[in-house]
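Commentary on secondary and tertiary structure
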Amino acid sequence: MGGPKLKYSFFFLFITFCTIIPSLMAHIGDFDEVWRRRAEEAKEYARQIYEPHPENVTLAFNQKLRDTMKELRQVKHSNSTRRGLGTKKYDGPCTVTNPIDRCWRCDPNWADNRKRLADCAMGFGSKATGGKDGEFYVVTDNSDDYTDPKPGTLRHAVIQKEPLWIIFKKGMTIRLHQEMIMQSDKTIDARGANVHIAKGAGITLQYIKNVIIHGLHIHDIVEGNGGMVRDAVDHIGIRTKSDGDGISIFGASNIWIDHVSMKSCYDGLIDAVEGSTGITISNGHFTDHNEVMLFGASDSSSIDQVMQITLAFNHFGKRLVQRMPRCRWGYIHVVNNDYTHWNMYAIGGSMHPTIITQGNRFIAPPDIFKKQVTKREYNPESVWMQWTWRSEGNLFMNGAYFTESGDPDWSQKHKDLYDGISAAPAEEVTWITRFAGALGCKEEQPC
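Read on for a plain summary of the structure.

1. So, the overall build of the chain
For the chain, the count of helices and strands is eight helices and 31 strands. Residues counted as buried form 58% of the 447 residues belonging to the chain. Surface summary for the chain: the accessible area is close to 18,700 Å², and the carbon and sulfur share equals 52%.

Printed below as a string of structure tokens:
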């Protein structure tokens, strides 16, 4: 009585179930004991590093920024480095324009003191030291085998269990045939080499901690088809199709991404989801993309309440559309970034994230209907007006405007943070972000 039809229905439901469940497990086709342990350890670590008073991190950032900028302004007046929009050419002497770069960049011996970089992070990702406590690993081979990585390749380096400071013998373009899944305590340091991750899958930071990524060009990233992918020297497992993010941060903490140049990825340039926290994204140059950054996976993922991210000194440039970033839950500090292009909106979100914007420059597009910097999604005004979205000292050009929400006296209640201890003036953002993106460093010369 309808037996074949019933069997077919059960078969269809089984296949559907098997298709959906891996997607809920972040592309892990077989959520085995190894991944279960990693997930629990990652959640516990995120709870440990969560800052219950994130305003303290904002305050520390602004204090250091203020003190450093006083010194750097003297250099600015004697060395004109103002960036003309549309060009990044500069042939003058080494000039640092923000406190992160001041920490290391004009040292001609930077290549002999590479690990000094680990002391330079600021904001919520300031505790990231990457592979500082490990040996150097030199990448010499741009090939990629995702089941049995060859020694000397980038994938072989990042799956090692011990801390490593990964550098490159020469410039190279690496096409990742499947997403590259990293282990904890790693620094990818591309200074001194022109390194592109391009025309293949992206980088995945899943259930790990303490990673620094510096100096990469990441572009033209596509989905990985999935399959058996090695994620550690002692573990290989089934992965479903990857999203096509340039950098995917999934349940990972203490992450610092600095001086990257990114464009044209299938999904996001940088996504941080599933309880990722303790993150700083700084000095990046982003162009040619639709959905730039997603912080928080979905409105139902309340695990992202622990998410705390600093977005500083970045240049959001040509042919960008939206999500710079788009936030759910969490606490996001957006400070001294240069927004020169968007085609829909710059900063958006849902599920009551706290978004503090300070000292940014926003240049609106010509379209009269796209002047607003902000966009709230999936909620009526009566709801989103309760969310804390504040604008402090931002510069709005070409008709740009920021719709604030939350307690209108919120800043006055945090005078120690916002009265006299503020970000650098927005008028200086063009100068501050002058050297955003991957740098053309040469050994024995200031970078």
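Alright, that's what it looks like, and here's the rest.
2. A short note on the environment of Ser-253
You can see Ser-253 is positioned in strand S13 (residues 253–258). Residue class for Ser-253 comes out buried when judged on its relative accessible area of 1%. Residues Ser-253 and Ile-49, 204 residues apart in the sequence, show an inter-C-alpha distance of 8.1 Å. Apart from residues lying up to four places away in sequence, Ser-253 is in contact with Tyr-45, Ala-46, Ile-49, Ile-208, Lys-209, Asn-210, Gly-275, Thr-277 and Gly-278.

3. Re the nonpolar core
Core analysis: the biggest nonpolar cluster contains 67 residues, and Leu-154, Phe-168, Leu-205, Leu-216, Ile-249, Phe-286 and Tyr-339 have the highest contact counts within it. Excluding its chain neighbours within four sequence positions, the residues that come into contact with Phe-286 are Val-260, Met-262, Leu-269, Ile-270, Ile-281, Met-293, Asn-314, His-315, Phe-316, Gly-317, Lys-318 and Leu-320. Residues Ala-111, Ala-128, Ala-312 and Phe-435 belong to the second largest nonpolar core, which totals 31 residues.

4. Here's the deal with the sheet that holds strand S31 (residues 395–397)
Spatial ordering of the open sheet is given by S3-S6-S9-S14-S17-S21-S25-S28-S31, a layout of nine strands whose pairing is parallel. Two strands bound the open sheet, and with one partner strand each, they are strand S3 (172–174) and S31. Across three bridges, strand S6 (residues 195–198) lies against strand S9 (residues 217–221) in parallel orientation. Counted as the bridge partner of His-196 is His-217 from S9.

5. Looking at the sheet that holds strand S20 (residues 308–312)
A sheet is described by the order of its strands in space; here 10 strands give the open sequence S1-S2-S5-S8-S13-S16-S20-S24-S27-S30, paired in parallel fashion. Each of the sheet's edge strands pairs with one partner strand only, and the pair in question is strand S1 (135–139) and strand S30 (389–392). The sheet shows a mean angle of 10 degrees between the axes of neighbouring strands, taken without regard to direction. Against the sheet, helix H2 (residues 33–49) touches strand S8 (209–214), S13 and strand S16 (277–282), its axis set at about 80 degrees to S13.

6. Let's talk about the state of the cysteines
Scanning the entire structure with this criterion turns up three disulfides. Here Cys-94 connects covalently by a disulfide to Cys-106, the sulfurs 2.0 Å from one another. Between Cys-94 and Cys-106, the S-S torsion sits near -90 degrees, and that sign places the bridge as left-handed. One end of the pair, Cys-94, is in the loop between helix H3 (54–78) and helix H4 (99–102); the other, Cys-106, is in the loop between H4 and S1, with 12 residues separating them in the sequence.

7. Thoughts on the pattern of salt bridges
This structure, assessed with the given rule, holds 21 salt bridges. Among the salt bridges present, the one from Glu-179 reaches Arg-239, with a minimum N-O distance of 2.9 Å. Of this pair, Glu-179 sits in the loop between S3 and strand S4 (180–181) while Arg-239 is found in strand S11 (residues 235–239), placing the two residues 60 residues apart along the sequence. Side by side, Glu-179 and Arg-239 carry an identical accessibility label, which is buried. Here Lys-370 makes a salt bridge to Asp-367, at a shortest N to O gap of 3.7 Å. Since its relative accessible area comes to 23%, Lys-370 is described here as partly exposed.

8. Let's talk about H2
With 17 residues, H2 ought to run about 24 Å at 1.5 Å a step, and its terminal C-alpha atoms sit 24 Å apart, in line with that. On its buried face, H2 sits against S4, strand S7 (203–206), strand S10 (227–232), S11, S13 and S16. The opening residue of H2 is Asp-32, an N-cap whose side-chain oxygen sits 3.1 Å from the backbone nitrogen of Val-34.

9. A few points about unusual backbone geometry
Cis peptide bonds are those with omega within 30 degrees of zero, and the linkage from Met-324 to Pro-325 qualifies with 10 degrees. With respect to the helices, strands and loops of the structure, Pro-325 is situated in the loop between strand S22 (320–322) and strand S23 (326–328). Even without being glycine, Asp-220 reaches a positive phi, approximately 55 degrees. Its place among the elements puts Asp-220 in strand S9. One non-glycine residue, Asn-254, lies in the positive phi region at around 55 degrees. Position of Asn-254 relative to the elements: it lies in strand S13.

The rules we used
- Residues numbered from 1 in each chain as written.
- Predicted model: local features only at pLDDT ≥ 70, side-chain atom pairs only at ≥ 80, totals over all residues.
- Heavy atoms only, no water.
- Helix = DSSP H or I, 4+ residues; strand = E, 2+ residues; numbered from the N terminus.
- Buried < 20%, exposed > 50% of the residue type's maximum accessible area, 1.4 Å probe, protein only.
- Areas by Shrake-Rupley, 256 points an atom, 1.4 Å probe, with all protein chains shown as cover.
- Contact = heavy atoms within 4.5 Å.
- Core = buried A, V, L, I, M, F, W, Y, C linked by side-chain atoms within 4.5 Å.
- Pairing = 2+ DSSP bridges.
- Axes fitted to C-alpha atoms, helices over the stretch in contact; angles between N-to-C directions.
- Disulfide = S-S within 2.5 Å.
- Salt bridge = Lys/Arg side-chain N within 4 Å of Asp/Glu carboxyl O.
- Expected span 1.5 Å × (residues − 1).
- Polar contact = N/O pair within 3.5 Å; in protein donor to acceptor, adjacent residues only side chain to side chain.

Geometric values such as these leave the question of function open.
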